[in-house]
Amino acid sequence: MSVRRDPEVSEGRVPVVALTGYLGAGKTSLLNHLLRTPGARLGVVVNDFGTLNVDAALVSGQIDEAASISGGCLCCLPDAGGLDAALEKLAHPRLRLDAILVEASGVADPLVLARMIRFSRVDRVRPGGIVEVIDAVEHFRTLDLWPRPPARYAAATLVVIGKDDLLLEAGREAMVERIRQRVRLRNPHAPVLIARQGRIDPRLVFDTANTEDPQDQLPIAQLIREQSSRRHGEGQGHGDGQGRGDGPGHGHGDGHDHLHARAASVALDRPVSPSALIDLLEDPPSGAYRLKGRVCVRGPKAERGYLVNVVGSMIGVDALSAPPQPGELVAIGTDLDPDVAERRLRAVAEAPGGRPDAAGMRRLRSYLRRGRV
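Presented here is an overview of the structure given in this document.

## Brief notes about the overall build of the chain
Within the chain, the regular secondary structure consists of ten helices and twelve strands. Here the chain holds 373 residues, and the buried ones make up 54% of them. Long-range contacts, defined here as pairs at least 24 residues apart, represent 77% of the contacts in the chain between residues at least 6 apart. Working note: accessible area of the chain is about 17100 Å², and carbon and sulfur atoms make up 52% of it.

Here it is, written out as structure tokens:
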């Protein structure tokens, strides 16, 4: 007997996160930091392996494979064919990846790249955010040269300012604030973090199914951590701190620390109101950069399950093959007030959801399959 697959069901799509920034901004440092995440199964798309701190053969040889795209920067490839080919390969279900990271070349246009990912023909991927890396030392000498801020800021869902430790202490805070204000003129909603050597909390970028490296792949995260330990040596990096933020959740100063995110979560043991859910997705708790969860809603004929994701201003909804038992909602951000965020999540959990809500379902379905801003 054949089983009819619901065309609306598309669970398990892999988030594609683009790491952008001008030449030398620190994208590779951020990529290497994310690759150190224990247990992470990551696909990587880069233009050139030459600047990676890990051997290309190591990256290519593990189960979370790497794809190298030649022929110029990603946004110049005709019809996004090269990128789509790489995403098709990396999104194969057998790899069971947590995320695909795209390290764009320094001259790539983040706005074009964001559109390429959003409108990819690969069904098994979804937009996971645009992380823009800014060089605090060279920014106003190389990129931000005109009265109007660069248009590339508008594409970012998260902005990471690096190399502030290389600025003179007397003018450091003023320079960082100047960069922040320039970003705000183009993009008032994207969080702006300060993180040296790309050390941000990986939870801002992706989720991992495990906390330890899987047995069926080369332990690349462990190898990179060991390589980093040998390079830095014992006791190095305890001075001024390697990762910090504008508010709470700073790093603690050792060479392996990073900017920590805060989280709030609630369990969902019954169907939720689709209207209350969409209100939350469209207006997340203050300080929440990511919002995710598995929810059950009551449709006109039966209960349905959905996977919801918010990254910055991007909202994505995927249909699950069955309602979750139980479900959950989670908010994550470096400036998040967990108590306030939990109250917002709990309000959705406790809103009446036992009756069909046609208007709410139409709003929910409008976000299916493609994230939108």
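Read on for the rest.
## Structural notes on the pairing of strand β12 (residues 327-333)
Most of β12 is tucked away, with six of its seven residues classed as buried. Examined bridge by bridge, strand β8 (residues 262-268) and β12 share seven bridges and lie antiparallel to one another. Along β12, the bridge assignment pairs L268 with G327. With five bridges joining them, strand β9 (residues 290-298) and β12 adopt antiparallel strand pairing. Its bridge partner lying in β12, R294 is registered against E328.

## Some thoughts on the pattern of salt bridges
Applying the stated criterion across every chain, the model contains 17 salt bridges. Notably, a salt bridge pairs E132 with R152, separated by 2.6 Å at the nearest N-O pair. Taken together, the positions of E132 in strand β5 (residues 125-135) and R152 in the loop between α5 (139-142) and β6 (158-162) put the pair 20 residues apart, joining distant regions of the chain. Considered together, E132 and R152 belong to a single accessibility category, that of buried residues. For R363, the salt bridge is made with E282, and the minimal N-O distance between the two is 3.0 Å. You can see R363 sitting in helix α10 (residues 358-365) and its partner E282 sitting in helix α8 (residues 274-282), a full 81 residues away along the chain. What makes E282 partly exposed here is its relative accessible area of 41%.

## A word on the layout of surface pockets
Estimates place the volume of the largest pocket at around 880 Å³. Along its surface, the largest pocket is lined by 41 residues, and T157, H189, G312, S313 and M314 are the ones closest to its centre. Every element with two or more residues in the lining of the largest pocket is listed here: α4 (110-118), β5, α6 (169-186), α8 and β11 (314-319). In terms of residue count, α4 provides more of the lining of the largest pocket than any other element does, five residues in total. By residue class, the composition of the lining of the largest pocket is 23 nonpolar, ten polar and eight charged.

## Things to note about unusual backbone geometry
A cis amide bond links Q325 to the next residue, P326, at an omega of -5 degrees. Here the phi dihedral of K163 falls at roughly 65 degrees; this positive angle occurs in a residue that is not glycine. Note on placement: K163 falls in the loop between β6 and α6. Judged by relative accessible area, which is 28%, K163 ranks as partly exposed.

## Observations regarding the packing of α8 against helix α9 (residues 338-350)
Close contact between α8 and α9 brings their axes to 8 Å; oriented N to C, the two are set at 160 degrees. Looking at the two axes, α8 sits roughly antiparallel to α9. α8 and α9 meet at a crossing whose hand is left-handed. Residue-level contacts link A276, L277, D279 and L280 of α8 to R344, L345 and V348 of α9. The residue inventory of the contact of α8 with α9, partitioned by class, reads five nonpolar, no polar and two charged.

## Section: the packing of aromatic side chains
Here the structure, examined in full by the defined rule, presents zero aromatic pairs. One Lys or Arg, R178, reaches over the ring of F140 and ends 3.7 Å from the middle of that ring.

## Regarding the pairing of β9
Counting buried residues along β9, seven of its nine residues qualify, which places the element largely inside the surrounding structure. Sheet topology places β9 next to strand β10 (residues 303-311); nine bridges connect them, and they run antiparallel. In the sheet register, G293 faces β10, and the bridge partner there is V308. Here β9 folds back onto β10 in antiparallel fashion, the turn holding four residues.

What counts as what
- Residues numbered from 1 in each chain as written.
- Predicted model: local features only at pLDDT ≥ 70, side-chain atom pairs only at ≥ 80, totals over all residues.
- Heavy atoms only, no water.
- Helix = DSSP H or I, 4+ residues; strand = E, 2+ residues; numbered from the N terminus.
- Buried < 20%, exposed > 50% of the residue type's maximum accessible area, 1.4 Å probe, protein only.
- Contact = heavy atoms within 4.5 Å.
- Areas by Shrake-Rupley, 256 points an atom, 1.4 Å probe, with all protein chains shown as cover.
- Pairing = 2+ DSSP bridges.
- Salt bridge = Lys/Arg side-chain N within 4 Å of Asp/Glu carboxyl O.
- 1 Å grid on protein atoms, 1.4 Å probe; cavity = no way out; pocket = protein on both sides within 12 Å on 5 of 7 lines; lining within 4 Å.
- Points joined across faces, edges and corners; volume = space filled by probe spheres on them.
- Nonpolar A, V, L, I, M, F, W, Y, C, P; charged D, E, K, R; others polar.
- Axes fitted to C-alpha atoms, helices over the stretch in contact; angles between N-to-C directions.
- Parallel < 35°, antiparallel > 145°, perpendicular 65-115°, else oblique.
- Left-handed = near helix turned anticlockwise from the far one by under 90°.
- Phe/Tyr/Trp six-rings, centres within 6.5 Å; stacked < 30°, edge-to-face > 60°.
- Lys NZ or Arg CZ within 6 Å of the ring centre and 35° of its normal.

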